[in-house]
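# Per-entry structural report
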Amino acid sequence: MPTLTRLAAAILFAALAFYAGERYLLLYDYPPRRTGGSLYLAAIAALVGWRYVGKHVSRNFLQSIFQTLQGVIVTLFLALTLFGSYHVFWQGYRMRYSGLEDAFLGFVGSCLDHLRRMSDTDFLLLLGGMTVICGIVLTIVFRWAEARRFDR
């Protein structure tokens, strides 16, 4: 059922994921110029915000922050899966893998490279701060939307 909280979660998650994706690109030694990855990340985050986080936000601030943290983890997992698969198919098209085992090792290696790059302290603090702020904002939106719904 569509609610204002789910819409707010989708929009907020997409915006914050796009920003985090752009900040992530700066962690490369030679940052890529294209922002296609950030757009895919924002689409994944909007889907997670709508389907998962917006549905589980409640009046409790801590519970909402925890649900937002879970949403960030799910978004990260889905994004790593998407980008790892993209890497495997791109390298497979170039005939870099001799078999399925090499392709799977390439997928895992790509995911580990992204995780290693993300382990920067400043980037992790950015993700943590965005998670807390997103949880607080979504709780406020939920309380406002529920008060508005019960006033009818």
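Residues numbered from 1 in each chain as written. Predicted model: local features only at pLDDT ≥ 70, side-chain atom pairs only at ≥ 80, totals over all residues. Heavy atoms only, no water.

Under the criterion given, the structure shown has two aromatic pairs. Through successive ring pairs, a cluster of aromatic residues spans Tyr24, Tyr28 and Phe123. The ring of Tyr28 has Arg117 lying over it, and the distance from NZ or CZ to the ring centre is 3.9 Å. (Phe/Tyr/Trp six-rings, centres within 6.5 Å; stacked < 30°, edge-to-face > 60°. Lys NZ or Arg CZ within 6 Å of the ring centre and 35° of its normal.)

Glancing now at the pattern of salt bridges. Per the counting criterion, the structure on display carries one salt bridge. Here Arg116 ties to Asp113 by a salt bridge, and the two come within 2.9 Å at their closest N and O atoms. Taken together, the positions of Arg116 and Asp113, both in helix α4 (residues 100-118) and three residues apart, correspond to about one turn of that helix. A residue is classified by how much of its surface remains accessible, and Arg116, at 53% relative accessible area, is exposed. (Salt bridge = Lys/Arg side-chain N within 4 Å of Asp/Glu carboxyl O. Helix = DSSP H or I, 4+ residues; strand = E, 2+ residues; numbered from the N terminus. Buried < 20%, exposed > 50% of the residue type's maximum accessible area, 1.4 Å probe, protein only.)

A few words now on the environment of Trp144. Along the chain, Trp144 turns up in helix α5 (residues 121-150). Using a relative accessible area of 51% as the deciding quantity, one classes Trp144 as exposed. Here the alpha-carbon distance between Trp144 and Leu4, two residues 140 residues apart in the chain, equals 9.5 Å.

Helix length check: helix α2 (residues 36-56), at 21 residues, gives a terminal C-alpha distance of 29 Å against a target of 30 Å (1.5 Å per residue), a fit within 8%. The sharpest bend along α2 comes to roughly 45°, located at Gly49. Along α2, the residues that are buried comprise Ser38, Leu41, Ala42, Ile44, Ala45, Val48, Gly49, Val53 and Gly54. (Expected span 1.5 Å × (residues − 1). Bend = angle between axes of the 7 residues up to and from the residue.)

Where nonpolar side chains cluster on the molecular surface, the patch consists of Leu76, Phe104, Leu105, Val108, Leu112 and Leu115 and spans about 510 Å² of accessible area. Considering each element in turn, the nonpolar patch owes the most residues, five residues, to α4. Within the element layout of this structure, Val108 appears in helix α4. (Patch = residues over 30% accessible without salt bridge, like charges linked within 9 Å, V, L, I, M, F, W, Y side chains within 5 Å. Areas by Shrake-Rupley, 256 points an atom, 1.4 Å probe, with all protein chains shown as cover.)

One can describe the packing of helix α1 (residues 4-25) onto α2 by two numbers: an axis separation of 7 Å at closest approach and a directional angle of 145°. The element α1 and its partner α2 pack so that their crossing is right-handed. Class assignment of the residues belonging to the contact of α1 with α2 gives a composition of 16 nonpolar, five polar and four charged. (Axes fitted to C-alpha atoms, helices over the stretch in contact; angles between N-to-C directions. Left-handed = near helix turned anticlockwise from the far one by under 90°. Nonpolar A, V, L, I, M, F, W, Y, C, P; charged D, E, K, R; others polar.)

Counting through the fold element by element, His114 comes out in helix α4. Leaving out residues up to four positions away in the same chain, His114 has contacts with Tyr24, Tyr28, Leu80 and Phe83. (Contact = heavy atoms within 4.5 Å.)

Here the focus is the nonpolar core. Phe13, Val48, Val53, Val57 and Leu138 are the most contacted members of the largest nonpolar core, which has 13 residues in total. Contributions of two or more residues to this core are made by α1, α2 and α5. Examining the composition of this core, we find that five residues originate from one element, α2, more than from any other. Among residues more than four places away in sequence, those in contact with Val48 are Phe13, Val53, Gly71, Val74, Thr75 and Leu78. If you look at the next biggest cluster of nonpolar residues, it comprises five residues, including Tyr24, Leu80, Met118 and Phe123. (Core = buried A, V, L, I, M, F, W, Y, C linked by side-chain atoms within 4.5 Å.)

Look at α4: 27 Å from first C-alpha to last across 19 residues, which is about the 27 Å you get at 1.5 Å a residue. Those residues of α4 lying buried are Ala103, Gly106, Ser110, Cys111, His114 and Met118. Along α4, the residues classed as buried sweep out an arc of 130° about the axis, all on the same side. Structural note: α4 exposes Glu101, Phe104, Leu105 and Arg116 on the side pointing more than 90 degrees away from its buried face. (Arc of directions from axis to C-beta.)

By themselves, these are just geometric observations and shouldn't be taken as functional.
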